[in-house]
Amino acid sequence: MKTLDYINVRDAQVHGLVNPTFIMHGNCSLKDYSFEVTVDGKKREARFLPDLASDNYELTLSLSKDDSKVKVYLIHDDQKELVCVRKNTLMKRIKSKIRTLLQKTIRKTKETNNKVKVNTYAIGKEVKYIAKEYHFVLTPNRLKQSKRRIKENKKTKNKFLDVYNFLNQKEYLLWLNPDSLLHFYRIEAGLPSKAAPYAGWESQDVWGAGPLRGGFLGFYLSSVSMMYQSTDDKRLLKRLKYVLKELELCQKAGKDGFLLGLKDGRKLFAEVASGKIKTNNPTVNGAWAPVYLINKMLLGLSAAYTQCQMEEALPILIRLADWFGYQVLDKLTDDQIQRLLICEHGSINESYVEAYELTGEKRFLDWARRLNDHAMWGPLSEGKDILFGWHANTQIPKFTGFHKYYQFTGDQRFLTAATNFWNIVTQNHTWVIGGNSTGEHFFPKEEFADRVLLVGGPETCNSVNMLRLTESLFCQYPDAAKASYYERVLFNHILSAYDPEKGMCCYFTSMRPGHYRIYASRDSSFWCCGHTGLESPAKL
């Protein structure tokens, strides 16, 4: 056989560490030809996906970490010819990378059977996949070294953008006045304010629905928790304890578990519970995304409890979740709840599954079931792309909630919906940088060329939440496609969204060539992308 007349191997690589996958792409004109794959000399079944319209193909094969050599043969008329050989060298490459980066900081310890313990910073996310063999700690000394290196050579800011944003964001979290963020919570609890609120979305009428009062504080809790976990900076822990104490005071003053900065929030939800529900996106009875605000506070309290072991956060979380459950959800029919869910609500279903996970109390799982938006999980569980025209970031977090609901119930429909959504968004609605939408909305894939020159490109929030969904799905079913997408979004959209001078995040990243970015201010923006943008640097 003259193999090259029939097959062209463009690339063949092994991806992934927990569940390595061999993937081979190329062009072919096969017809009566077939592939045979062996791993370390033994035949293995592989998935072969030809595209007859373009003569492209993809061959994939699941491996184990112990599998070493993959060979691919082309077979025709009982003849067999070797066309590809690849070794699974990822573990070796990662270990080599670690040694190169750490140089003399690696030390072997007999206490752990000669496994390597490492005190270091910024190795790369792929190393987390071999956490059983390596342990990583961000030490104060390395943080100081990184900060000093950047100050000494300002020209290298872009080179060390991840480190620079990391330092900026920690400083920003400590710069913010918690009493200003707590202003509306104290007011709604009947307590005197200790400081004036910040401007922007926190306190100003942005577009006719009033401010998103107190919307920043839930993200602040989760961001401080994540940053403390990364840095072990005791100032962050002190700040976290102060905010939790203040929230506990607000909740006790209200006596019913309610905990929001939303103006007349109890009155609003009393109207909802009575059946008076007028929703659009993003308002309920004229108020801006009230269920979204509950979701973000619950996520922040959960982060404080699970990541920083702040035990005082859990009772606050339970009281708020119970208040919304007993005072609102239990008084509504399923149809009325679905009407309420028309308005942006983040991943409120995820928060209630998490409350069940933390407490074991079944009522939270029952409430989570009712908070699954059927308008999304129904069609997507059937593989239908209905996303055109929908507000993108309203939909994305729901699917992280659907996946979490599946994890605790085993209801396959919700796993299918989350998986289909991820595939549809990444294949039909995603720009080259990994972000999606323009002007915050999904559009048909035929319109990409026409939308390149629009000012409002992919929204940073969307990408942050798509990465959360990717993390959730990847933890269950690791594969190269999810890892590749995650890397593309992280490096091309998330990192590029931060001001290299001050570390603040932008709202849109226009796809227009040479276009500018508008970054948030420290004290008068508080956009949604500034909310989610608080968390990303701590993950680096």
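Just above sits the structure.
Residues numbered from 1 in each chain as written. Predicted model: local features only at pLDDT ≥ 70, side-chain atom pairs only at ≥ 80, totals over all residues. Heavy atoms only, no water.

Can you break down the overall build of the protein chain residue by residue, with the values?
A tally of regular secondary structure across the protein chain gives 21 helices and 12 strands. With 540 residues in all, the protein chain has 54% of them scored as buried. In the protein chain, of all internal contacts separated by at least 6 residues, the share reaching a separation of at least 24 is 65%. Carbon and sulfur atoms make up 49% of the accessible area of the protein chain, which totals about 25100 Å². (Helix = DSSP H or I, 4+ residues; strand = E, 2+ residues; numbered from the N terminus. Buried < 20%, exposed > 50% of the residue type's maximum accessible area, 1.4 Å probe, protein only. Contact = heavy atoms within 4.5 Å. Areas by Shrake-Rupley, 256 points an atom, 1.4 Å probe, with all protein chains shown as cover.)

Could you give an account of the pairing of strand 7 (residues 69-76), naming the residues involved and the relevant values?
Pairing between strand 3 (residues 34-39) and strand 7: six bridges, direction antiparallel. The residue bridging Val37 from the neighbouring strand is Val72, located in strand 7. Alignment of strand 7 against strand 8 (residues 79-87), held across eight bridges, turns out to be antiparallel. By the bridge assignment for strand 8, Lys69 is matched with Lys87. Taking the residues that link successive antiparallel strands as the turn, the strand 7-strand 8 hairpin has two residues, and the phi of Asp77 there is positive, at about 50 degrees. (Pairing = 2+ DSSP bridges.)

Tell me about the side chain of Asp373, residues and numbers included.
In this structure, Asp373 sits in the loop between helix 13 (362-370) and helix 14 (374-381). Those residues in contact with Asp373 that sit more than four places away from it in its chain are Gln338, Leu341, His345, Lys398 and Phe402.

Quick rundown of the packing of aromatic side chains? Include the residues and the values.
Evaluation of the coordinates by the stated rule reveals 26 aromatic pairs. Seen in terms of ring centroids, Phe216 and Phe526 are 4.7 Å apart; in terms of plane orientation they differ by 85 degrees. Their pairing is edge-to-face. Taken together, the residues span a long stretch of sequence, with Phe216 in helix 6 (residues 215-231) and Phe526 in the loop between helix 19 (480-494) and helix 20 (528-533) at a distance of 310 residues. Using a relative accessible area of 3% as the deciding quantity, one classes Phe526 as buried. (Phe/Tyr/Trp six-rings, centres within 6.5 Å; stacked < 30°, edge-to-face > 60°.)

An account of unusual backbone geometry is needed here, citing residue identities and associated values.
With an omega of 25 degrees, the peptide bond between Asn281 and Pro282 qualifies as cis. One non-glycine residue, Ala289, adopts positive backbone phi at about 45 degrees. Looking at the secondary structure, you find Ala289 in the loop between strand 12 (287-288) and helix 9 (290-308).

Report on the sheet that holds strand 7, specifying residues and quantitative values.
Strand order in the open sheet formed by four strands is 4-3-7-8, with antiparallel pairing between adjacent strands. Two strands in the sheet have a free side with no partner beyond their single neighbour: strand 4 (42-44) and strand 8. Within the sheet, the average angular offset between the axes of one strand and its neighbour, ignoring direction, is 35 degrees. (Axes fitted to C-alpha atoms, helices over the stretch in contact; angles between N-to-C directions.)

Give a description of the packing of helix 6 against helix 7 (residues 234-254) that names residues and reports values.
Packing of helix 6 against helix 7 leaves a shortest axis separation of 9 Å and a crossing angle of 150 degrees. Comparing their axes, helix 7 and helix 6 come out roughly antiparallel. The chirality of how helix 6 crosses helix 7 is left-handed. Across the interface between the two elements, Leu217, Tyr220, Leu221, Val224, Ser225, Met227, Tyr228 and Thr231 of helix 6 pack against Lys234, Leu236, Leu237, Arg239, Leu240, Val243, Leu244 and Leu247 of helix 7. Classifying every residue of the contact of helix 6 with helix 7 gives 12 nonpolar, two polar and two charged. (Parallel < 35°, antiparallel > 145°, perpendicular 65-115°, else oblique. Left-handed = near helix turned anticlockwise from the far one by under 90°. Nonpolar A, V, L, I, M, F, W, Y, C, P; charged D, E, K, R; others polar.)

An account of the environment of Gly261 is needed here, citing residue identities and associated values.
The topology assignment puts Gly261 in the loop between helix 7 and helix 8 (265-273). Between the C-alpha atoms of Gly261 and Leu212, which are 49 residues apart in sequence, the distance is 8.6 Å.

Run through helix 15 (residues 392-409), naming residues and quoting values.
Taking 1.5 Å per residue as the helical rise, helix 15 with its 18 residues ought to reach 26 Å, and the 27 Å between its terminal C-alpha atoms agrees with that figure. Within helix 15, 15 of the 18 residues are buried, leaving the element largely enclosed by the surrounding structure. One or two residues past the end of helix 15 sits Gly410, with phi positive at roughly 75 degrees. (Expected span 1.5 Å × (residues − 1).)

Report on the pattern of salt bridges, specifying residues and quantitative values.
Within the structure shown, the criterion is met by 22 salt bridges. For the salt bridge of Arg186 with Glu246, the shortest nitrogen-to-oxygen distance reads 2.7 Å. Of the two residues, Arg186 is situated in helix 5 (residues 183-188) and Glu246 in helix 7; the sequence distance between them amounts to 60 residues. An identical accessibility class is assigned to Arg186 and Glu246; each is buried. For Asp233, the salt bridge identified is with Arg235, shortest N-O distance 2.8 Å. Owing to a relative accessible area of 13%, Asp233 belongs among the buried residues under this scheme. Ionic contacts of the salt-bridge type, sharing partners, join the residues Lys170, Asp233 and Arg235 into one network. (Salt bridge = Lys/Arg side-chain N within 4 Å of Asp/Glu carboxyl O.)

Residue-level account of the side chain of Lys482, with values.
Within the secondary structure layout, Lys482 lies in helix 19. Accessibility expressed as a relative area gives 9% for Lys482, which makes it buried. Among all residues touching Lys482, those that are not within four sequence positions of it are Trp422, Thr470, Leu473, Phe474 and Tyr477.

Go over helix 16 (residues 412-428), please, and point to the residues and values.
Side chains of residues three or four places apart in an α-helix project in the same direction, reflecting 3.6 residues per turn. End to end, helix 16 covers 24 Å across 17 residues, agreeing with the expected 24 Å (1.5 Å per residue, within 8%). When helix 16 is considered as a whole, its buried residues turn out to be Phe414, Leu415, Ala417, Ala418, Asn420, Phe421, Trp422, Ile424, Val425, Thr426 and Asn428. In the core, the buried residues of helix 16 are packed alongside helix 14, helix 15, helix 17 (448-451), helix 18 (460-476) and helix 19.

Which residues make up the nonpolar core, and what values do they have?
Ranked by size, the top nonpolar core spans 116 residues in total, and within it Leu247, Phe269, Phe324, Tyr352 and Phe421 carry the most contacts. Beyond its immediate stretch of four places on either side in the chain, Phe324 contacts Phe269, Val291, Ile294, Leu329, Leu340, Tyr352 and Leu371. If you look at the next biggest cluster of nonpolar residues, it comprises 14 residues, including Ala12, Phe35, Leu61 and Cys84. (Core = buried A, V, L, I, M, F, W, Y, C linked by side-chain atoms within 4.5 Å.)

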